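Residue-level structural notes
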Amino acid sequence: MSQLLIIGGGITGLAAAWEAVQFPRVEVTLIDAQPRLGGKILGSAMALPDGQTMMLDEGADAFLCRVPDAVQLCTELGLESEFTHPAVGRAQVFVGGELRFLPTDTVLGVPVDFEPLAASGLLSDAGMERARSEVDSNWSAPTGDVSIGAFLTQRYGRELVDHVVGPLIGGINAGDVDTLSLQAVTPQLFDAAAGGGSLTLALRKQAQRAAPLPNEPVFTALLGGTTVLVEALHDALEARGVRIVTETEAVSCALSGQDKIITELTAGSFTADEVLICTPAPSAAHLLGRISPETSAQLEQITYSSVALLTFVFDRAAVACELPASGFLVPRTAGLLMTAASVGSTKWAHWDDGRHVVLRVSAGHDRDPRGVELTDQELADGLLRDLATTLGITEAPLATRVSRWPNGFAQYRVGHLELVDSLERSLSRDCPKIMLAGASYRGLGIPACIRQGRSAAARLVDG
Ligand SMILES: Cc1cc2nc3c(=O)[nH]c(=O)nc-3n(C[C@H](O)[C@H](O)[C@H](O)COP(=O)(O)OP(=O)(O)OC[C@H]3O[C@@H](n4cnc5c(N)ncnc54)[C@H](O)[C@@H]3O)c2cc1C
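Scoring rules and cut-offs
Residues numbered from 1 in each chain as written. Predicted model: local features only at pLDDT ≥ 70, side-chain atom pairs only at ≥ 80, totals over all residues. Heavy atoms only, no water. Helix = DSSP H or I, 4+ residues; strand = E, 2+ residues; numbered from the N terminus. Rg over C-alpha atoms; globule rule 2.2 N^0.38 Å. Buried < 20%, exposed > 50% of the residue type's maximum accessible area, 1.4 Å probe, protein only. Contact = heavy atoms within 4.5 Å. Lys, Arg positive; Asp, Glu negative; His and termini not counted. Charge placed at Lys NZ, Arg CZ, Asp CG, Glu CD. Phe/Tyr/Trp six-rings, centres within 6.5 Å; stacked < 30°, edge-to-face > 60°. Domains from an automatic or database assignment. Buried area = accessible area lost by both parts, 1.4 Å probe. Pairing = 2+ DSSP bridges. Polar contact = N/O pair within 3.5 Å; in protein donor to acceptor, adjacent residues only side chain to side chain. Expected span 1.5 Å × (residues − 1). Bend = angle between axes of the 7 residues up to and from the residue. Near = heavy atom within 4 Å. Areas by Shrake-Rupley, 256 points an atom, 1.4 Å probe, with all protein chains shown as cover. Nonpolar A, V, L, I, M, F, W, Y, C, P; charged D, E, K, R; others polar. Salt bridge = Lys/Arg side-chain N within 4 Å of Asp/Glu carboxyl O. Axes fitted to C-alpha atoms, helices over the stretch in contact; angles between N-to-C directions. Core = buried A, V, L, I, M, F, W, Y, C linked by side-chain atoms within 4.5 Å. Arc of directions from axis to C-beta.

**Some points on the overall build of the protein**
Looking only at helices and strands, one finds 17 helices and 22 strands in the protein. On C-alpha atoms alone, the protein measures out to a radius of gyration of 23 Å, which is about the 23 Å that the 2.2 N^0.38 rule sets for 463 residues. Along the first, second and third principal axes, the C-alpha set of the protein runs to 70 × 65 × 45 Å. In the protein, buried positions account for 54% of the 463 residues. Within the protein, residue pairs in contact and separated by at least 24 positions form 72% of the contacts whose partners lie at least 6 positions apart. A gap of 4 Å separates the mean positions of the 35 positive and 54 negative side-chain charges of the protein.

Structure follows, in structure tokens:
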């Protein structure tokens, strides 16, 4: 039997283990430093004053359907009966002191058709005219990677970036579109621009060719919360003989004379034939410091942003405003602490008990460390002030929960994919039986993490 050690029991490591057990003659051991599995997938029950509890996600609450790996994995685990989709799909942006709906007919905020953008009121007349002019120029294709902000500002003007694309993509990545990579973060835009000419016309052609099925959901969630996927994987892996060890940190990897990899752990060591590292990049850098210093140095170049996510539960009777959207985004130019708010009780039918309003509100991003620096009280006070500004809610919440995500989001800066290609090459040269996978490398959404974990596990044990 060949011994596979998977380091990191977030969704990437769990999906990797699930893939590996499909291969005969492989014994799989998965270790995690924390007492629980799931990494950045976490949920907990919020207690309300009337004794009721609500089970609410503290991080990811859904996954994209367009990248099919998460839906497929859930299906393999028999979780289809848990599937649900947003009751309301459209989000708003807080611009000019008002909440306005994001336009339809865009790809990540880039207009495929200009009329819905014009009707949204998110751009001034001059901003709209500048954006429309994108179709009139003979643009050449980008010659290499570039920041999303620089690329789209040149094409459409700054207002589209500040009011639409920045809040949307910056919000998803807790990052700054002026440093995030067009190629790594928005490959749809990079690929569409690759043919040269207008991006809007290229996206329009793509949309005409693709003709999506009507009413196809964009997101899927699980009725019991995203942790249901983690629990199902845990049970399925144990049932298939995977050894799962928590509260055990991997400290460093070394090569033995017999073509084995010895991983030093906080308690003892583990000798494996193959090792798959599914931890964030800083931890991977530490693990590989001795056996592949070049890979380790490259891993250290990947930086992170930190956020706080506060969940507020209000008495519905006390909330006077309409809440028609799934949530809203706040541009940096608005000068608020809040970067986004998800109206959980509007977005998800299973979070709506008819008596409460659930809001999940985020603070902190790549250029704003307040998500980790402020105290819980300062965060709650600041975000409640912002809710008064944006929604007009002035009542005190019935319950508040603060979830911190220090170094929660890898920042894919310009040149990120080149860096990842390069560090994978140096690792494969120095230690061909060790691989890396996870949110630091080729996509940080849950489906992309699952895809990376499964593909790396298959290549390691089948290669
Ligand atoms: C607030 C928030 C909201 C999000 N919302 C969404 C969403 O709605 N939809 C979506 O698709 N994605 C979302 N994401 C992104 C997604 O949740 C993460 O990118 C993904 O879960 C990361 O999985 P991972 O396994 O690669 O890494 P992690 O979850 O970070 O797991 C890594 C694991 O490695 C362990 N570890 C680290 N070092 C060691 C070591 N030396 N030894 C042993 N174990 C170690 C850690 O304890 C951890 O369990 C969100 C992320 C955050 C932070």
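**Some words on the packing of aromatic side chains**
Summed over the entire model, instances satisfying the criterion amount to 1 aromatic pair. Note on Phe-312 and Phe-314: the rings are 6.2 Å apart at their centroids and 45° apart in plane angle, and the pair reads as tilted. The same class applies to Phe-312 and to Phe-314, which are both buried.

**A few points about the domain arrangement of the protein**
Partitioning the protein into structural domains gives domain 1 (2–40 + 224–302 + 413–462), domain 2 (43–66 + 79–89 + 303–411) and domain 3 (104–210). Taken over C-alpha atoms, the centre of domain 2 sits 27 Å from the centre of domain 3. With 13 residues of domain 2 at the contact, the number on the domain 3 side is 13 residues. Roughly 980 Å² of surface becomes buried between domain 2 and domain 3 when both sides are summed, with 53% attributable to carbon and sulfur atoms.

**Notes on the pairing of strand β11 (residues 219–222)**
Summarising the sheet, strand β5 (residues 63–64) and β11 pair through 2 bridges and their orientation is antiparallel. Residue pairing across strands places Phe-63 opposite Thr-220, the latter belonging to β11. The pairing of strand β6 (residues 83–84) with β11 spans 2 bridges and is classified as antiparallel. Each residue of the ladder has a partner; that of Phe-83, found in β11, is Leu-222.

**As for the pairing of strand β1 (residues 2–7)**
The element β1 is extensively covered by neighbouring structure, given that 5 of its 6 residues are classed as buried. Where β1 meets strand β2 (residues 26–31), 6 bridges bridge the pair, whose relative direction is parallel. The residue bridging Ile-7 from the neighbouring strand is Ile-31, located in β2. Sheet topology places β1 next to strand β16 (residues 274–277); 4 bridges connect them, and they run parallel. Across the sheet, Leu-5 pairs through a bridge with Val-275, a residue of β16.

**A closer look at the environment of Asp-421**
Of note, Asp-421 is situated in helix α16 (residues 416–430). A relative accessible area of 34% means that Asp-421 is categorised as partly exposed. Side chain to side chain, Asp-421 and Arg-442 meet in a polar contact 2.7 Å long.

**Considerations on helix α6 (residues 158–173)**
The terminal C-alpha atoms of α6, which comprises 16 residues, lie only 20 Å apart, well short of the 22 Å expected from a rise of 1.5 Å per residue. Along its length, α6 reaches its greatest deviation from straightness, about 50°, at Val-165, and the proline Pro-167 lies no more than four positions downstream. Listing the buried residues of α6 in full gives Leu-160, Val-161, His-163, Val-164, Val-165, Gly-166, Pro-167, Leu-168, Ile-169, Gly-170 and Asn-173. Backbone geometry just after α6 places Ala-174 at a positive phi near 45°.

**Details of the site of the ligand**
In the neighbourhood of the ligand, 33 residues make up the surrounding shell, with Thr-12, Asp-32, Lys-40, Ala-62 and Leu-444 lying closest. The backbone of Ala-62 places a nitrogen or oxygen atom 2.7 Å from a nitrogen atom of the ligand. At 3.1 Å, a backbone N or O of Ala-439 approaches an oxygen atom of the ligand. Its free accessible area being 1000 Å², the ligand has 88% of it covered by the protein chains. Taken together, the elements giving at least two residues each to the shell around the ligand come down to α1 (11–20), β21 (399–411) and α17 (446–462). Per-element tally for the shell around the ligand: the top contributor is α17, with 3 residues. Among the residues making up the shell around the ligand, the classes are represented as 16 nonpolar, 13 polar and 4 charged. Two domains each provide a minimum of three residues to the shell around the ligand, namely domain 1 (2–40 + 224–302 + 413–462) and domain 2 (43–66 + 79–89 + 303–411).

**Notes on the pattern of salt bridges**
Counted by the stated rule, this structure contains 21 salt bridges. The residue Asp-162 makes a salt bridge to Arg-158 at a minimum N-O spacing of 3.1 Å. Taken together, the residues span about one helical turn, with Asp-162 and Arg-158 both in helix α6 at a distance of 4 residues. Within this structure, Glu-19, Glu-76 and Arg-454 form a network of salt bridges that share partners.

**As for the sheet that holds strand β19 (residues 338–343)**
Spatial strand order, β8-β7-β18-β19-β20-β17-β21: 7 strands in an open sheet with mixed pairing. Lying at the two open borders of the sheet, with one neighbouring strand each, are β8 (98–101) and β21. When strand polarity is set aside, the average angle formed by the axes of neighbouring strands in this sheet is 25°. In this sheet, strand β18 (residues 327–329) lies alongside strand β7 (residues 92–95) in parallel orientation, the contact comprising 2 bridges. Considered in β18, the bridge of Gln-92 is made with Phe-328.

**Comments concerning the nonpolar core**
Inside soluble globular proteins, nonpolar side chains tend to come together where they are buried. Grouped together as the largest cluster of nonpolar side chains are 66 residues, with contacts concentrated most on Leu-152 and Ile-434. Tallying contributions element by element places α6 first for this core, with 6 residues. With residues up to four places along the chain from it excluded, the contact list for Ile-434 reads Cys-253, Ile-261, Val-275, Ile-277, Leu-288, Ile-291, Leu-427 and Leu-460.

**A closer look at helix α5 (residues 148–156)**
Where α5 is concerned, the buried positions are Ile-148, Gly-149, Phe-151, Leu-152, Arg-155 and Tyr-156. End-on view of α5: buried residues confined to an arc of 165°, all on one side of the axis. A positive phi of about 95° marks Gly-157, the residue just after α5.

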